[in-house]
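Chain by chain, the residues:
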Amino acid sequence: MTHDIHIIGGGLAGSEAAWQLGRRGFKVRLSEMRGSGERTPAHHTDGLAELVCSNSFRSDDDEKNAVGLLHHEMRRCDSLIMAAATKAQVPAGSALAVDRDVFSAEVEARLAALPNVEIVRERVDTLPAAGATIVSTGPLTAEALAGSIGRATGAESLAFFDAIAPIVYRDTIDMDICWMASRWDKGDTKDYINCPMTRDQYLAFHQGLLDGEKTAFKEWEANTPYFDGCMPIEVMAERGVDTLRFGPMKPVGLDNPHWATPEHPNGRWPYAVVQLRQDNKLGTLWNMVGFQTKLKHAEQVRLFRTIPGLEKAEFARLGGLHRNTFLNSPVLLDRQLRLKSAPHVRFAGQITGCEGYVESAAVGLMSGLMAASELAGREWQAPPATTAMGALLSHITGDAEADSYQPMNVNFGLFPPLHDVRKKQRKEAYTVRAKQDIMGWLDSFAPAA
Ligand SMILES: Cc1cc2nc3c(=O)[nH]c(=O)nc-3n(C[C@H](O)[C@H](O)[C@H](O)COP(=O)(O)OP(=O)(O)OC[C@H]3O[C@@H](n4cnc5c(N)ncnc54)[C@H](O)[C@@H]3O)c2cc1C
């Protein structure tokens, strides 16, 4: 069968993209290497859309939870992944958990039933030179293709590991304790939030890092490198009690105005500081500079809330270090997920720098709709940034800070803020607005099936 579009990678994103295109009548070639004698180090089966770890699509609460809202919007867009998840659902309280084998079989059966979708078990080693293409080969893209993508994008724009520092919601930082200043007080712009520590607080924090429970690397991740500038803080802490104080927690030049006295009207330097830098254009998310870590998530929350000013911090995401192939999308991709240097190639799924099963499938869904519009000669209009799909897409394709770009889950910090709504009611207000706006978008734009 000659095809209209070639989709490479039959995981969550590729299967969803194939569905959106196939049910609109486009001829799809879906290449999946598993089943041809190839596997990634994390997959165990040859089934499409295999869930490599947890069997959960996280919260299904679409009134107060951003990922639950994303479920809702995807269902409205006739998502294959959400339909298969519903069919394969197992009891898990307010979470949407599935029987992974039933789920994968359902995805495959529904795709196989579309006569214009051809599922081919083959490994693709180079980016096609021409023809509409979606690359959705995920965080463990096979080596030869990763090399081809690296050559097309510039090696420094394709990461093979994520080294994530925790990201905090700005409105949960206590500015009666913290203050804004430039990095180590150099330059005029006060771009950093500083959390001050006394000597006792620093020593207790240092001990907490040494004692904290860490996540082990998986066997196939054992050679994960510690690049300069992204060494886990607990590894730095092991090198000596002052290593952090002379590294990311250096307080030099940082007069804390909250500690001003008549003798020191500008304030005093703390013994150590934790600095946070803006992480998205909306200014709602701030990352803890130099705080990439392999501490267990619960341990991170407990320990980081001992930092002055972060006692009530809410985290949009916690730190981690994993093997993960992903693009610097804000730089490389246009607003339609196309490679700026080769616009016949679109990307989808985790390789774009979203994180998670649901997010990967959602980006697959949008890439399928974008391609369907393009093939039909229709102008594409993105879902509004006030929706979960639109907020995620905006983040990936331009709103994230390119310099610190790291994989991101959907969260309310990506949405245009509703400052006028009281904090307690904000989450519900985001979901009410999003549900209205997604329906408006579907009515007026979404390509008909
Ligand atoms: C070890 C690990 C555990 C994870 N655990 C979770 C979790 O518990 N919960 C969660 O929400 N997210 C988790 N993630 C993150 C992420 O959500 C998943 O990786 C998700 O499957 C990404 O979807 P995707 O469609 O982008 O990629 P995948 O689902 O990985 O799909 C990519 C597909 O492309 C195929 N492929 C790769 N290279 C080629 C090639 N050259 N030619 C043809 N086919 C190719 C692969 O075989 C695979 O089927 C995890 C990631 C990893 C690596």
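Labelled according to an unreviewed UniProt entry, the chain appears under the name Methylenetetrahydrofolate--tRNA-(uracil-5-)-methyltransferase TrmFO, originating from Novosphingobium indicum. UniProt, in its Sequence similarities (unreviewed entry) section for the chain, records the words "Belongs to the MnmG family. TrmFO subfamily."

Caption draft 1: Summary view of the UniProt feature "binding site: FAD" (unreviewed entry) in the chain. The feature "binding site: FAD" (unreviewed entry), as given by UniProt, occupies G9, G10, G11, L12, A13 and G14 in the numbering adopted here. If you trace the backbone, G11 turns up in the loop between β1 (5-8) and α1 (12-22). Residue G11 is classed as buried on the basis of its relative accessible area of 18%. Residue contacts for G11: discarding those within four places in its chain leaves E32 and A49. Setting aside residues no more than four positions away along its own chain, G14 makes contact with I7, G9, L30 and S136.

Caption draft 2: Spotlight on the pairing of strand β13 (residues 285-288). With burial as the criterion, each face of β13 is covered, one bearing L285 and N287 and the other bearing W286 and M288. Pairing of strand β9 (residues 167-169) with β13 involves three bridges; the strand directions are antiparallel. Directly across from V168, in β13, lies its bridge partner W286. Pairing of strand β12 (residues 272-278) with β13 involves three bridges; the strand directions are antiparallel. By the bridge assignment for β13, R277 is matched with N287.

Caption draft 3: Just the layout of surface pockets, in detail. If you add up the space inside the second largest pocket, you get close to 600 Å³. In this structure, the second largest pocket is lined by 31 residues; those nearest its centre are A163, D403, S404, Y405 and Q406. Contributing elements (two or more residues each) for the lining of the second largest pocket: β8 (158-164), β13 and β15 (320-327). Here the lining of the second largest pocket takes six residues from β8, the largest share from any one element. Both of domain 1 (5-159 + 325-442) and domain 2 (164-322) provide at least three residues apiece to the lining of the second largest pocket.

Caption draft 4: View of the packing of helix α2 (residues 66-76) against helix α12 (residues 423-444). The geometry of α2 relative to α12 is characterised by a closest axis approach of 11 Å and an angle of 15° between their N-to-C directions. Classified by the angle between their axes, α2 and α12 sit roughly parallel to one another. The handedness of the crossing between α2 and α12 is right-handed. When α2 is examined against α12, the residues L69, H72, E73 and R76 are found in contact with a partner set consisting of T431, A434, K435, I438, M439 and L442. Here the contact of α2 with α12 is built from residues that sort into five nonpolar, two polar and three charged.

Caption draft 5: Quick peek at empty space enclosed by the protein. Summed over all chains, the structure comprises one cavity of 30 Å³ or more. The volume enclosed by the largest cavity comes to roughly 50 Å³. Taken together, the residues of the lining of the largest cavity sort by class into five nonpolar, three polar and three charged. Shared between two domains, the lining of the largest cavity holds at least three residues of each, these being domain 1 (5-159 + 325-442) and domain 2 (164-322).

Caption draft 6: Structural detail: the sheet that holds β12. Strand order in the open sheet formed by six strands is β10-β11-β12-β13-β9-β14, and the pairing between neighbours is antiparallel. Single-partner strands in this sheet number two, and they are β10 (179-181) and β14 (315-317). This sheet shows a mean twist of 40° between the axes of neighbouring strands, independent of strand direction. One ladder, built from six bridges, connects strand β11 (residues 192-197) with β12; its direction is antiparallel. Counterpart to Y192 in the pairing with β12 is R277.

The rules behind these values
Residues numbered from 1 in each chain as written. Predicted model: local features only at pLDDT ≥ 70, side-chain atom pairs only at ≥ 80, totals over all residues. Heavy atoms only, no water. UniProt positions renumbered as here; feature names shortened; annotations may be inferred. Helix = DSSP H or I, 4+ residues; strand = E, 2+ residues; numbered from the N terminus. Buried < 20%, exposed > 50% of the residue type's maximum accessible area, 1.4 Å probe, protein only. Contact = heavy atoms within 4.5 Å. Pairing = 2+ DSSP bridges. 1 Å grid on protein atoms, 1.4 Å probe; cavity = no way out; pocket = protein on both sides within 12 Å on 5 of 7 lines; lining within 4 Å. Points joined across faces, edges and corners; volume = space filled by probe spheres on them. Domains from an automatic or database assignment. Axes fitted to C-alpha atoms, helices over the stretch in contact; angles between N-to-C directions. Parallel < 35°, antiparallel > 145°, perpendicular 65-115°, else oblique. Left-handed = near helix turned anticlockwise from the far one by under 90°. Nonpolar A, V, L, I, M, F, W, Y, C, P; charged D, E, K, R; others polar.

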